Amino acid sequence: MSDDLSRASGGATHNHRARARFAEGAALSLIVIIALSLRLPGLDRSLWTDEHDTRLGALGGWGQLYRIHQYPLYYVLARFALKIEDTEVMLRLPSLMAGVLGVLMMYALAKRFAGPFAGLTAALILATSTIHVQVSQEARFYAVVILLSLATVWVLTQYVSRDRLTGWIALPILGALGLLTHTIFVTFFGAALVGFSAWVLFSKSHRESRTRVRTLARVAVCGVLAVLPVLSYTGSFLTLLPGVEDSSAGGEADETNVDRPRVVSAAAGGGGTYRFDVKEYLGYFRSRYFGYEHLASEISALTLGILGFAHLALRSPCGFTVLASVTFLVPAVLRPFEVTHWYSDRYFTYQAGFAILFMALGADAIGRIGAFCLQKGFARLPRKVPITVYGALIAASLGMLAPGVVSALRANYNVLYPDWKGAAQYMASRIRPHHKIVFIYNAVHGPDVSYREGTLFYYLERFNASSTAVLSTLEYFTANTPEDVESVLKQYPSSTVWAVSRAEPALSESIRAGLDRACGPAKLFEAVGVRVAGEPTVNLIQGGDFEIQPEGAPPWDFRDNARLVRYPQAFDGDYSAKLIGFAKGNSAVLFPVARDPESTLEGPSTTSLVPKKRYTVSFDWKFQNIAPLSGSQHSAIRVVIAGQDIDNPEGFFCRLATIRGDITTRSMDWHNSSYTFATGDGIPERCESAMLMLSVTNATGTLWVDNVQFEPGDHATPFVNGTRLPHDQRLAATGQD
């Protein structure tokens, strides 16, 4: 009978444990799903400066990786990812995977210290941490550093502290991987080994001197083994110190800037040294996690962190000494030293992981204290009640953090990143090899500007692969005042100049106003502003931007299913033209072409083009679902010039371009196209009453058109209504000379 009861009791216990493991696994799976859902959006956004450097390094040769980069591990991981597909998502894939694995590692570490509830709490806080979300979406090494730092503490406390061979093997491997990920990992790894050594000196499990010396010797050997693979990078790391030159700098420029344009700098730059600023260091974590908005959440986080620190001292003295050393020793050691690189910001994001661990342990401590007090006060309570109270108190602690977490996450997704991809896509079909680019800054930048702005040229090449000459012939400049831009405009009075602001929202009002006067208003691509000052030209049609004229009838003529549409359908300004195709008909917009100012043709003609002269028609357009009608041989989007041949009264009709729906893609987003022709080449040398017509003919689908331009010359220039003077004359006319 007793055996039967024992078996029944054992079965019940087994079933309870199985249900608990299932619930724990389900909760952890849900947290991983939350982590992925917060990290996947935005993986395809434009690369930023350092991410582009990651791509260049990853696609370089193996010898270049070893010789140039201080921290090659992420470049190697990115190299393998890019072999699958050369996209932004694949370049950021190692960070995404490290971010998710970091959540799982946090769970394992917190569970090791305080049980499964603490593990799930820590994993949830890290999964929703704005700092960790950001670094998991960047093609840089920060998420990998967090993962390796958590794994190192776990190995130290789980295996090395118990003198397991697995731990002694894993420890130097993790140290080497961390140092190959970033040299700043040496601050963490050194502090962790110092903290572990301190625990060995005072631990009861190492009372014998022989055991203590043997363990400390093994720790020293692990430290040396971790450093051996990265000794060749020591020189690069030492360049952070003042007065030490970087012997690899020239090599990097030679290897990665081969095809980049020549840099002419209008501003000399910078340098300077920095000290480790504890206030700034703590403020970075505070601003990234809570956004400086929720004082209650910040106080809750601080309270939980202090409780968690004390809780860790009771639960795991080894973990306490290791993390205390990492938390306090690193700032104390680094503070006296000045360096030539700013290292008080994201390089130390591994500390954010440990702060989150302390908060989770603090929430666990509150739950345990509440459950303990309840048990002492009510001895006969059912077992489920204290457990329920324990979980409820942890949930309440997380609830106090929630407003700050949600606010910071919302702010993170509202951040305006430099959208170099969007800017390059806009510029790619409009820029020409003889154009110039001016980069705009609020601050002075040094000669590394080619590295900083190489992202734009990468995307220009990507979206304009048929015209790669752009990359080898463009010149570009740095500028930090409107006067710098104006000096470039005056230096190149007959060139098209693109003014690109890398951080448009950060520009001062005076700089922004000056740029608008010199180049016109900016077109925004997240944080990037693009302005263009076109070369001198004259647009021989009026109203090509379709903005409503203040007086009189509009200069264009709509036929059949053509009409004006307002923003947001419009491309530029408030209005664009929309042409809807239909069966056996013409949906068209027509513009009368004005007399060329250089024309010497005499007579009463309303229009005349110069004989044997080249002209260019250009426009912005997009189309959707363009398809030919069945059996039609001429179904198309057409660009047509029609008019009167002075020498032939029967007139003329010249089709510049026919874009058939069955030849090109059926749909395409806004882009710029241009067509160049010469009078006498299908168009009479002496013509009058010329009309420019854009139409959808014998086809279904929709065409949008904006910024239509008809100008002299063999290439398109940026759109202008009327005449555009040379830059120096225009600036003088506006009083800016």
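Here the structure is a predicted model, which is why all the values come from computation and not from measurement.

K.L.:
In this structure, what is going on with the overall build of the protein chain? I would like to understand it.
P.N.:
In terms of helices and strands, the protein chain carries 24 helices and 20 strands. Residue burial in the protein chain is summarised as follows: out of 737 residues, 51% are buried. At a minimum sequence separation of 6, the contacts of the protein chain that also span at least 24 residues come to 78%. Per element, the accessible surface of the protein chain, about 33200 Å² overall, is 59% carbon and sulfur.

K.L.:
Would you mind going over the sheet that holds strand S15 (residues 636-645) with me for this structure?
P.N.:
Sheet strands line up and pair through hydrogen bonds in the backbone, either parallel or antiparallel. With respect to topology, 5 strands assemble into an open sheet ordered S10-S13-S18-S15-S16, the strand pairing being antiparallel. Bordering the open sheet on either side are strand S10 (557-559) and strand S16 (648-659), each of which pairs with just one other strand. Taking each pair of neighbouring strands and ignoring which way they run, the sheet shows an average axis angle of 20°. Bridging between S15 and strand S18 (residues 687-697) involves 9 bridges; their strand directions are antiparallel.

K.L.:
Please explain the confidence of the model for the protein chain as it appears in this structure.
P.N.:
Low pLDDT means the predicted atomic positions in that stretch should not be read closely. Per-chain confidence: the protein chain averages 79 in pLDDT, with 79% of residues scoring 70 or above. Contacts of residues 1-10 to residues separated by more than four positions or lying in other chains number 0 contacts, the stretch itself having pLDDT below 50. Every residue in residues 234-271 is under pLDDT 50, and counting partners more than four places away or in other chains gives 66 contacts.

K.L.:
Sorry, what's going on with a nonpolar patch on the surface here?
P.N.:
Taken together, the side chains of Val221, Val224, Leu225, Val227, Leu228 and Leu231 present a nonpolar region at the surface, about 490 Å² in accessible area. Turning to its location among the elements, Val221 is positioned in helix H11 (residues 209-227).

K.L.:
Is there a simple way to explain helix H19 (residues 420-428) in this structure?
P.N.:
Note that an α-helix has 3.6 residues per turn; residues three or four places apart therefore point the same way. For H19, the buried fraction is high: 8 of the 9 residues fall into the buried class. Along H19, the residues that are buried comprise Trp420, Lys421, Gly422, Ala423, Ala424, Tyr426, Met427 and Ala428.

K.L.:
Which parts of the structure should I look at to understand the environment of Gly399?
P.N.:
Within the secondary structure layout, Gly399 lies in helix H18 (residues 384-413). On the basis of relative accessible area, Gly399 is assigned to the partly exposed category, the value being 40%. For the pair Gly399 and Ser300, spaced 99 residues apart in sequence, the C-alpha to C-alpha distance is 9.6 Å.

K.L.:
Hey, could you run me through the sheet that holds strand S19 (residues 699-712) in this one?
P.N.:
Read across the open sheet, the 5 strands follow the order S11-S12-S19-S14-S17; overall the sheet is antiparallel. In this open sheet, the two strands that pair with only one neighbour each are strand S11 (562-566) and strand S17 (668-678). Geometrically, the sheet is characterised by an average inter-axis angle of 35° between neighbouring strands, direction not taken into account. Where strand S12 (residues 575-581) lies against S19, 5 bridges are found, and the strand directions are antiparallel. Its bridge partner lying in S19, Ala577 is registered against Val705.

K.L.:
I would appreciate a short explanation of the side chain of Arg512 in the present structure.
P.N.:
Here Arg512 shows up in helix H23 (residues 509-519). By relative accessible area, Arg512 is classed as buried at 18%. Apart from residues no more than four positions distant in its own chain, Arg512 is found in contact with Glu504, Pro505, Leu507 and Arg531.

Reading the values: rules and limits
Residues numbered from 1 in each chain as written. Predicted model: local features only at pLDDT ≥ 70, side-chain atom pairs only at ≥ 80, totals over all residues. Heavy atoms only, no water. Helix = DSSP H or I, 4+ residues; strand = E, 2+ residues; numbered from the N terminus. Buried < 20%, exposed > 50% of the residue type's maximum accessible area, 1.4 Å probe, protein only. Contact = heavy atoms within 4.5 Å. Areas by Shrake-Rupley, 256 points an atom, 1.4 Å probe, with all protein chains shown as cover. Pairing = 2+ DSSP bridges. Axes fitted to C-alpha atoms, helices over the stretch in contact; angles between N-to-C directions. pLDDT = per-residue confidence, 0-100. Patch = residues over 30% accessible without salt bridge, like charges linked within 9 Å, V, L, I, M, F, W, Y side chains within 5 Å. Salt bridge = Lys/Arg side-chain N within 4 Å of Asp/Glu carboxyl O.

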